[in-house]
Structure formats: C-alpha cells, structure tokens
Amino acid sequence: MIRTIVLLLAFHLFSHYCFAADKNTKGLLPEVSMTQGSESDNEKKAFSSEIMITRSENRAIESLQVIIKKNKGAKNEADLWYRLAELYMRRSKSGRFFDLHQDTPLMKLSPFPVPNERGAEAIKRAIKIYTKIEMDFPHFKQMDAVLFNNAFANQQIAQYKVSELLYHKLLTQFPKSPLIADGTLAVGELLYDQGKFSQALEHFLRVEKFPNSRVYSYGMYKAAWAYYNMRDSENGIKKLVQVVKSNPPLQDGEVPTNRHNLRREAMRDLTVFIGDSYPANKLYSFFEDLATEEELGQSMIDLAKLYESHSRQKEMNIFLEEYIDKRSMGPDVVRSHLFLVEANETLKRRDKVINHLQYASDLCKKDSAWRGMQKVDVLESSCVEGFRHTSLDMAKKWWEIWLKNKQNMEFSDLTQQLFKLILENEDPAKPDLKTRFAYAELLFQLQKYDEASVQYKMVGDKSAEPVMKHDANYAALYAKEKSIEKKKDPLKEAERKELAANYLSKHPTGKFATLIKFKIGHIAYEEANYPEAEKWLTPLAALKGADNAEIKKKSEDLILDMLNIRKDYAGIKDFSKKVMASSSDEGRKKSMNKIMEEAHFTEIQEFAKTGDKGQASEKLMAFAKEHEGSKLSQDALWQALSLQYSEGRIYDAAEASMKFVQKHPDDKRNLDALKEAAKAYADVGQISKSAETLLKIADHGQEKPQHPSGTGGGHLYP
C-alpha cells in the first residue's frame, strides 16, 4: 500500500542517516555516560541513547536541508520535503522525551548540550512543511499521505478543528486512497473525544467497509464503546463479540501482535458490558462459548472485580461457583476461591470463607493434580502470592476481632484453622517461619501452652535468623513452664529440662541464659537433687553486676537452704561470710551476719552433744568473744559456764559466771550465776571470793545461803 511504502521509505531514510551517524560518532559513547547520581542506570542509558538519536536526527535534517536547496525546482523536490517532514515528526518523539525530563538532574548532568527544541516545536515544523507541499505541489503523488500525516500532526498538538478538516479533505478528495479507512477512523476518534458518540459511531461503522484494512477490527472496537456510551449495551456487546471472533487467540509459539492485544482488550471490556446487563447466572455460559480456557478464567476474575466494586458479593458466588464446578482444573480456580473468600467475609458467611480457603489450600498442595497442570506464573499468582496473602490478611483480621472480645471464641478458632491451612502448604525447603511463629503466639494467647511450645520449637530449630531463632527457643521453654503451672506432669518436667538445655546449647550467651541456668538449678532444688542444683546455682551466686543482682540473691538463698537441709552448719557459716563480703546491701549483710552467727552457734551446740565438753566450752567462749554484743554471744557464754560446771571445772565456771554477770548485768539469770559462783569459790577454798560474791547476791536483795555448797545452782548444768 502506498502509505505503508511512504512510511517505510521515511523510516529507511531515517535509519540510513542514523546508521551513518553512528559510524561517524564511533568512540563518543563514553562521553555521554552520566555522573553518578540518584537516577537508575536504565534512565541514564535511555537519556544517553535519546541524545545520540537526536544528534543523528539533527545531522539527517541538516543534510536533507542542504539537499533540498541543491534540488530546488527538481522533480523530486516535493518528495524531499516530505522526507524532511517525516524526520521532524520523528524528531518530535525525542522532543517529547526531553519535555518529560526537563526538570530532572539528568538534564544538568549531561556532558552534551541537550536539545532545547520541544516536541511540539518539531511537530509544528512538520505541519508547516506538509502545508507547503499541499500548497506548492498540488499534484504530489503522495498527497493523500501528506493530508493524513498533517491531520495527525495537528491532532498531536490539539489543533482538532484543523485536524478534522484535513481528514475530511482526505476522505473527499481521495476516496480510493488506502488511507481512507485510517482517516475515517481518525475522524470518528476526534468526534468520540468530543462526546459526539452518535456521529463518531457513523464513522466507526464505515470502517467495516474495509475488511482488509489494518484498522478494521479497531473500528468495530470503537463502535462498541460508542454504543456503550449511548447506553446501547446490547449492540456494544455484539460489536465486541465480532472483534473477538475476527481476531483468533494466540497459538502456541506465536508472537503476540496488536491483533491479539485487541482481542484481549475486547474480552476484558465484555466483562464490563455484560456485567452491567446480564444476570449473574448467564455470565459463565456467555463466556464459555466465546473464550479460550485461559480467557474464560480471566473473564470470571474480571467479572468478580466488577461485582466487588459494585458490592454485589452475593451474586458473585453464582458465576464463580459455576466456573469452579465446571472448570475444576482451570488456571483461575484458586483465584476464584480467593475472591469468594473476600466476598463471603463481607457477607459474614465465615463457614464459606473457611471452605473456600480449604479448597484453595488443597489445590495448592505440592501433590495436587491441579498444581501439576499449571504454569509457573499461575502457581506464583494463585498460591505463592494469592492464597498466602489472602489467608494471612484474613487471619490478622479475625485475630484482631478476637483480641477485642476474647469471649468470642469463634474468631480464635477460625484463625487457628487458617494458620493450619497456610502451614500445610509451606515449602519444606523454604519453611514459612514467620507464620508459624504467629501461630505459636496465638496458641500461647489461647493458653494452649503445650501446642504453642511445639510450634515455637519448630521455628527455633529451622530459623537461620538470629533474633527469631533466639526468641522462638526461649518462648518454647516459657510456654512449657506456663503449661506446668496449670498442671504438674513428670513428662512435662522432662520436656522443660530438654527445652532449657536446647536454649543453652544454641544460645550460651543469650539474653535469658542466666535466667534459664537459674531455672535448671531451681528445678533440681525442687526435686531435692541438691548436687545438681548446686552445680548450676553456685556459679550464679558468684555473679557480679546490677543486672544479675536478683538471680544472684535467689541462688545464694537456695544454696543456704540446701546447706541448712543437710545441717551443714560449717558450710552455712562459710558461705554466708562470702555473701557478706560480696554484697554492698547493708540489709543483706546484716541478715547474712545473723545467719552466720546462728550457724556457728548451732555448729558448736551440735559438737557439744557428742564431742568433748571442754572443747565445746572453749568453742562457746571463743564464739562469745568473736560475736561480742550479739544475743547469741550471751547465750554462748552461759552455755560455756554451764558446761564447765558439768565437767567439774568449778573454779573456771565461777570465773566465767562472774564475767557473765559483769557483761550482762540485766540478765535474769545473774542471781543464779552468783549463787553458783559463791558456792564454787567456797568449795575450792576461795573464801574471800565467795564472800565478795555473797555480797553481790545481797545487793540483788536475796538472802545469803547457809552454806556455799547449798542448792540453787543445779539448774546451770545442761
């Protein structure tokens, strides 16, 4: 066709100049590389490429202008002008590119001058040349192409009236031109854009007189939309069906063309036309007769989107369920289920929501028949993205509803079911650990601690992300402990020990390592396994720092308690001294000192039961001296002198009695001590000391005994 040949010639001329320019500018490409900045490499390459193209175009234009001057008046002058106009039209494309990028950093970073001629300016130059050809060369053999291109150029700069006049001139003056169909369509589009749908329709319908034209199908397509805007959906549908039937679907291995794109657009638009006029129970059968398997599913999805936008969720169930039922292996079955999930959630039909998610889950499983029949992109959009995204969104929504009212257990049950469905479809090679962790969190909140512990443990075992791994391993132990709080069970105790050991083996310096070591020690303590408990607690009792103060204190107390249980008073004495030395808490020091004194005192008392009484007396005397001022010191001194009396060391006992009275003048036992001392002194012949002692007794207001060896002191003997 002439116009096609003209355009090809123009393109050939342009290509010739471009390729020639490329050869001449060999080695210049590095000079147009952009400075590092915020723009992407693709943008830089496109910008650099456009600059090179523009430079080539400008050379071509300059060269052609020189040729035109040399050929003024020649037979080919009009043809040369025509070629120049075509170059300006091509130049307008680059101009539009720079129009779009005029405020970007690329314009400033370019090492070459950026052309300042804008797209509209290049078009205006082309219009001027087309008009010149029309005026100066009225018999130019390609005048129909000149008129068409001039009309199109005017249309590009919004000169619609001029454009329409030029198209009409083409249609009236060149009725046999191969561009008639294109011109007719162009006039129709101008009218359509002005909202003159009835007049536009007349032109679109005229295009059908040219079945061999490349715009034949597009004319029908535009006619359909003209009908639709005139509220004649029925005729609009018929036209779109014509478009679909006249443009067969893409065959295997066939490269998509504009024809196939137009079919796809027509199929998509049919869902709008049909959705507005057909009942829901007629939709599936309409598209079943017209579409390929892939188009049928996509049409159902497009209809679902339309119905969703119009809040017609109830009707959506009709055609989508029919598609699912009759096309169980269709590529859009999972997506259809997911649309029905959203629709039925809006309708608050939660049983249907779960059912559709279950169906989608089953289809997406690795070994399902449906999965084996689908392309990779279908599986990606349906299962990897669609099912997972919809399920998680729904689970999040239901979880939040439950959190607002935990008495409504329906939503917690639904959320659990969703998590299970999601995890059933996880890829073993890429486990869905975030979802599993969330599932464990939900179970924990529901106080299903044992189940939560299992899920946490699975995350901890599989996660390679340090924080998640750590938190999951600790949560597994913590959940198990919460379970034990509810009900004691030897099996759970064993599991708790395993989880604690698991945490420490994987996180020996983890945030909760110290706490868990204490827990292990405490468990052993509760089980009366004191050697095991001490193994864990002794290092904790030696910890330093404010962060460890509480665990250190608890460990110390447990160790002291175990020493006490074993009646290891010497151990208590030594350990309490260590605690005192390591503590800066005065209250703690005071309590430890008391424990130490009591342990020391009890240790001596235990020795006195079976050991040498004399040594016991000496230990008590030493204790009294060491802990002078203590109440126990007073008792120790009393027991020491009692032992001396019992051992027959009556003089030493008498001396000790006098010291006791002197140190503790308010003790109620002083009178007995003095009486016994007086008797003891008399027995050993210390008459003067006995007399002095009797005087002290008199001072206490008591009668003197008739004889120092009389009764009254026997109660001192233990």
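Keep in mind that what you see is a predicted model, and the values were worked out from it rather than measured.

**So, helix 17 (residues 350-364)**
Turning to step 1, where the next piece is worked out: The terminal C-alpha atoms of helix 17 lie 21 Å apart, and with 15 residues this matches the ideal 21 Å at 1.5 Å per residue to within 8%.
Turning to step 2, where the next piece is worked out: The elements touched by buried residues of helix 17 are helix 15 (313-326), helix 16 (333-346), helix 18 (369-372), helix 19 (376-404) and helix 20 (409-424).

**Observations concerning the side chain of K573**
Turning to step 1, where the next piece is worked out: As for its position among the elements, K573 is in helix 28 (residues 569-582).
Turning to step 2, where the next piece is worked out: Those residues in contact with K573 that lie beyond four places of it in its chain are M596, A599, H600 and E603.

**A look at the nonpolar core**
Turning to step 1, where the next piece is worked out: L270, F287, M300, M316 and F319 are the most contacted members of the largest nonpolar core, which has 86 residues in total.
Turning to step 2, where the next piece is worked out: Among the elements that line this core, the one with the most residues is helix 19, at 9 residues.
Turning to step 3, where the next piece is worked out: Not counting residues up to four positions away in its chain, the partners in contact with F319 are A280, L283, M300, L303, A304 and Y307.
Turning to step 4, where the next piece is worked out: Ranked by size, the runner-up nonpolar core spans 50 residues in total, among them M89, I127, M143 and A200.

**Remarks on the environment of V341**
Turning to step 1, where the next piece is worked out: Along the chain, V341 turns up in helix 16.
Turning to step 2, where the next piece is worked out: Using a relative accessible area of 0% as the deciding quantity, one classes V341 as buried.
Turning to step 3, where the next piece is worked out: For V341 and K352, which are 11 residues apart along the polypeptide, the C-alpha to C-alpha distance reads 7.3 Å.
Turning to step 4, where the next piece is worked out: What V341 contacts, discounting residues up to four positions off in sequence, is V353, H356, L357, T390 and M394.

**Considerations on the pattern of salt bridges**
Turning to step 1, where the next piece is worked out: This structure, assessed with the given rule, holds 40 salt bridges.
Turning to step 2, where the next piece is worked out: The residue E265 makes a salt bridge to R268 at a minimum N-O spacing of 2.4 Å. Linking E265 with R268, this pair stays in helix 12 (residues 258-277), spanning 3 residues, or about one helical turn.
Turning to step 3, where the next piece is worked out: In this structure, K326 engages E322 in a salt bridge whose closest nitrogen and oxygen atoms are separated by 2.9 Å. Of this pair, K326 and E322 are both found in helix 15, 4 residues apart, which corresponds to roughly one turn of the helix.
Turning to step 4, where the next piece is worked out: On the basis of relative accessible area, E322 is assigned to the buried category, the value being 19%.

**Some thoughts on a negative patch on the surface**
Turning to step 1, where the next piece is worked out: Taken together, the side chains of E294, D377, E380 and E385 define an acidic patch exposed on the protein surface.
Turning to step 2, where the next piece is worked out: For the negative patch, the element with the highest residue contribution is helix 19, accounting for 3 residues.
Turning to step 3, where the next piece is worked out: By the element assignment, D377 lies in helix 19.

**Structural notes on the environment of Y651**
Turning to step 1, where the next piece is worked out: Summarising the element assignment, Y651 is placed in helix 32 (residues 650-663).
Turning to step 2, where the next piece is worked out: Separated by 26 residues in sequence, Y651 and A677 place their C-alpha atoms 8.0 Å apart.
Turning to step 3, where the next piece is worked out: Among all residues touching Y651, those that are not within four sequence positions of it are Y681, V684, Q686 and K689.

**Regarding the packing of aromatic side chains**
Turning to step 1, where the next piece is worked out: Scanning the entire structure with this criterion turns up 24 aromatic pairs.
Turning to step 2, where the next piece is worked out: The interplanar angle of 85° and the centroid separation of 5.0 Å between the aromatic rings of W225 and F273 together place this pair among those described as edge-to-face. A residue pair is termed long-range when its members are at least 10 positions apart, and W225 in helix 10 (residues 216-229) and F273 in helix 12 qualify at 48 residues.
Turning to step 3, where the next piece is worked out: Ring centres of Y525 and Y530 lie 6.3 Å apart, and the angle between their planes is 55°; this geometry places the pair in the tilted category.
Turning to step 4, where the next piece is worked out: When its relative accessible area of 17% is taken as the criterion, Y530 is described as buried.

Calculation rules
Residues numbered from 1 in each chain as written. Predicted model: local features only at pLDDT ≥ 70, side-chain atom pairs only at ≥ 80, totals over all residues. Heavy atoms only, no water. Helix = DSSP H or I, 4+ residues; strand = E, 2+ residues; numbered from the N terminus. Expected span 1.5 Å × (residues − 1). Contact = heavy atoms within 4.5 Å. Core = buried A, V, L, I, M, F, W, Y, C linked by side-chain atoms within 4.5 Å. Buried < 20%, exposed > 50% of the residue type's maximum accessible area, 1.4 Å probe, protein only. Salt bridge = Lys/Arg side-chain N within 4 Å of Asp/Glu carboxyl O. Patch = residues over 30% accessible without salt bridge, like charges linked within 9 Å, V, L, I, M, F, W, Y side chains within 5 Å. Areas by Shrake-Rupley, 256 points an atom, 1.4 Å probe, with all protein chains shown as cover. Lys, Arg positive; Asp, Glu negative; His and termini not counted. Charge placed at Lys NZ, Arg CZ, Asp CG, Glu CD. Phe/Tyr/Trp six-rings, centres within 6.5 Å; stacked < 30°, edge-to-face > 60°.

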